[in-house]
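Next come the chains, spelled out residue by residue.
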Amino acid sequence: NKEQGAIRRTASADAAPSEMMNFRKKTLGGKRSVSSNFVSPVGQTQTTTNASANIPPSLAHLDPKMVEQILGESMHNFKNVGWDDIAGLESAKSTFLEAIIMPLRRPDLFTGVRCPPRGVLLFGPPGTGKTLIAKSIASQAKAKFFSINPSSLTSKWVGEAEKLVKTLFAVAAAHQPAIIFIDEVDSLLSKRSGNENESTLRLKNEFLIHLDGAASNEEARILVIGATNRPQELDEAVRRRFVRRLYVPLPTKDARQQIIKKIIRQVKHNLDQSEVEQLAELTEGYSGADVDTLCRYASMAPLRSLSAEQMEVIEPDQLPAVTMEDFNKALRVISKSVSAEDCQQFVAWNEIYGVRH
Ligand code: ADP
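Residues numbered from 1 in each chain as written. Predicted model: local features only at pLDDT ≥ 70, side-chain atom pairs only at ≥ 80, totals over all residues.

Condition: UniProt positions are given in the numbering used here, feature names are shortened, and annotations may be inferred rather than shown by experiment.
The chain appears in an unreviewed UniProt entry as Fidgetin-like protein 1 isoform X3 from Drosophila kikkawai. Under the UniProt heading Sequence similarities (unreviewed entry), the entry covering the chain gives this text: "Belongs to the AAA ATPase family."

Set out below in structure tokens:
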């Protein structure tokens, strides 16, 4: 009996689909506005630093409140993310190792014509591992990781966003090697922002100045990584600055299998290898985040089947195992979030502007 010691499930074990919305991180073309609240692209493991203790003397000329804000909110410490934590994307990983990580670790070897690019653009559907890659590069390069979300810049720092950008780059320079990660970079540096108000335009120019500054200073060990689900929105000036433009596509069947295995390893389950393969097959077109959501949903089934009274008394090792049936139910609730059409757009953009890896 695979569900040894298990408590029988009640018939109404399925949660309402709306419950699942909690698991979703982003959707392509998802809601986003200048008035959105700050949503850090970095996961739950981050901790903020003890800001004021970290202000180096070289930053004394800057607004201390802003410096503290950046050190406290934008600079993240997180559990190291290794390449093994990212399923698939093998060629992107080797490109990054050679072109970005080693130069950050050994700047003395990568000088002159060997000088690495300072701007990297990761583009592709949401939930495919762009943030994970940026965090892994920071982990492997032993670099400080600053992440900003443009909607927070424009909403929180009305009139001061330019100054904040300047301060951000100065703080990053004081903490080299450093990575500045800009999620949803299109919303900050899009074609459209030229037609918007003057302050947005000034903000954009400020960014370009600093991107150029980082690029022209061989000594600087600052890398700017932009991530976007809408590369076609970027204007030409910005696109040119992100010298390396890498497509981060949906996971292959193998990569989906890796993600599934890694997640279900954390719970009691009775899936065998052929069922895991079957799941990888059934999740064709799912993003990494979709697969993650699916597995988490299925993993909740044993808990969902308990009554409140049972939940009070059950020991963790008495929980029923997660079954293929749980996954089949989950597949009916959690569907893929990226359409084939969306993917086609990325492929087309990649053909024109992407860097082969
Ligand atoms: P993006 O920045 O592309 O929107 P993230 O890097 O934030 O996506 O990924 C969201 C989540 O999806 C990750 O925290 C991880 O759980 C899962 N995920 C996405 N892609 C992968 C992958 N290639 N390997 C492992 N997990 C992945």
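**Observations regarding the overall build of the chain**
Filter applied, for reference: Under the DSSP-based scheme used, a helix requires at least four consecutive residues in state H or I and a strand at least two consecutive residues in state E, with every element numbered from the N terminus. Buried, partly exposed and exposed are defined by the number of other C-beta atoms within 10 Å of a residue's own C-beta, namely 20 or more, between the two limits, and 12 or fewer respectively, with C-beta atoms placed from the backbone. Two residues qualify as being in contact provided that their C-beta atoms, derived from the backbone, are within 7 Å of each other.
A tally of regular secondary structure across the chain gives 16 helices and six strands. By the burial criterion, 39% of the 357 residues in the chain qualify as buried. Long-range contacts, defined here as pairs at least 24 residues apart, represent 84% of the contacts in the chain between residues at least 6 apart.

**Some words on the packing of helix 3 (residues 90-105) against helix 4 (residues 130-140)**
Applied cut-off: Geometry is summarised by axes, namely lines fitted to C-alpha atoms with helices restricted to the contacting stretch, and by angles between N-to-C directions that run from 0 to 180 degrees. The labels follow the angle: roughly parallel below 35 degrees, roughly antiparallel above 145, roughly perpendicular from 65 to 115, and oblique for the rest. By convention, the crossing between two helices is left-handed when the near helix turns anticlockwise from the far helix through less than a right angle, and right-handed when the turn is clockwise.
Where helix 3 contacts helix 4, the axes come no closer than 11 Å and their chain directions differ by 45°. Regarding the angle of helix 3 to helix 4, the classification is oblique. As for the relative orientation of helix 3 and helix 4, their crossing is right-handed in sense. From helix 3, Ala92, Phe96, Ile100 and Ile101 reach across to helix 4, where they touch Ile133, Ile137 and Gln140.

**Overview of the site of the ligand**
Our working definition: Defining nearness, a residue is near a molecule or strand when the C-beta atom obtained from its backbone falls within 6 Å of it. In this count, Pro and Cys sit with the nonpolar residues alongside Ala, Val, Leu, Ile, Met, Phe, Trp and Tyr, while Asp, Glu, Lys and Arg are called charged and the others, Gly among them, polar.
Within the structure, the ligand sits among 21 residues, and Gly129, Lys130, Thr131, Gly288 and Ala289 are positioned closest to it. Listing elements by their share of the shell around the ligand, those giving two or more residues are helix 4, helix 10 (253-264) and helix 12 (288-299). Of the residues that constitute the shell around the ligand, the class distribution is 10 nonpolar, seven polar and four charged.

**What about the nonpolar core?**
Heads up, the condition is: Here a nonpolar core is just a set of buried residues of the types Ala, Val, Leu, Ile, Met, Phe, Trp, Tyr and Cys, joined wherever their C-beta atoms sit within 7 Å.
Counting residues in each nonpolar core, the largest one holds 74 residues, and the members touching the most others are Leu122, Ile137, Phe146, Leu168, Ile179, Ile180 and Ile225. Broken down by element, the residue count for this core peaks at seven residues, all from helix 6 (residues 161-174). In this structure Phe146 touches Ser74, Met75, Leu168, Ala172, Ala178, Ile179, Ile180 and Phe181, once residues within four positions along its chain are discounted.

**Some remarks on the sheet that holds strand 2 (residues 119-123)**
For the record, the criterion: For two strands to pair, DSSP has to find at least two bridges joining them.
Spatially, the six strands line up as an open sheet ordered 1-3-4-5-2-6, and their pairing is mixed. This sheet does not close on itself; its edge strands, each paired only once, are strand 1 (75-76) and strand 6 (244-247). Of the pairings in the sheet, the one linking strand 1 to strand 3 (residues 144-148) comprises two bridges and is antiparallel in character. Note on strand 3: the bridge partner recorded for Met75 is Phe146. Strand contacts of helix 3: strand 2, strand 5 (222-228) and strand 6, with the helix running at about 150° to strand 6, the strand carrying the most contacts.

**A word on unusual backbone geometry**
Look at the link from Gln176 to Pro177: it is a cis peptide, with omega at -10°. Tracing the sequence through the fold places Pro177 in the loop between helix 6 and strand 4 (178-182). The backbone of Leu89 shows a phi angle near 50°, a positive value even though the residue is not glycine. Mapping Leu89 onto the fold places it in the loop between strand 1 and helix 3. C-beta crowding within 10 Å serves as the criterion here: with 26 such atoms nearby, Leu89 is assigned to the buried category.

**So, helix 12**
To keep things clear, this is the line we draw: Here a helix's expected span is defined as the number of its residues, less one, multiplied by 1.5 Å.
Between the first and last C-alpha of helix 12 there are 16 Å, a value that for 12 residues agrees with the 16 Å anticipated at 1.5 Å per step. Taken across its 12 residues, helix 12 has 10 buried, putting it largely inside the fold. Every buried residue of helix 12 is accounted for by Gly288, Ala289, Asp290, Val291, Thr293, Leu294, Cys295, Tyr297, Ala298 and Ser299.

**So, the environment of Pro320**
Among the secondary structure elements, Pro320 is positioned in the loop between helix 14 (308-313) and helix 15 (324-333). Residue classification places Pro320 among the buried residues on the basis of 23 C-beta atoms within 10 Å. Residues Pro320 and Leu303, spaced 17 residues apart in sequence, show a C-alpha to C-alpha distance of 8.3 Å.

**Quick word on the environment of Tyr297**
Mapped onto the elements of the fold, Tyr297 is located in helix 12. Here Tyr297 falls in the buried class, since 23 other C-beta atoms lie within 10 Å of it. Sequence-wise, Tyr297 and Ile101 are 196 residues apart; in three dimensions their C-alpha atoms are separated by 35 Å.

**Details of helix 2 (residues 64-74)**
Selection criterion: Think of it as the arc spanned by the lines of direction from the helix axis to the C-beta atoms.
When helix 2 is considered as a whole, its buried residues turn out to be Val67, Ile70, Leu71 and Ser74. Buried residues of helix 2, seen end-on, are gathered within an arc of 115° and therefore sit on one face of the element. Contacts from the buried residues of helix 2 go to strand 1, strand 3 and helix 6.

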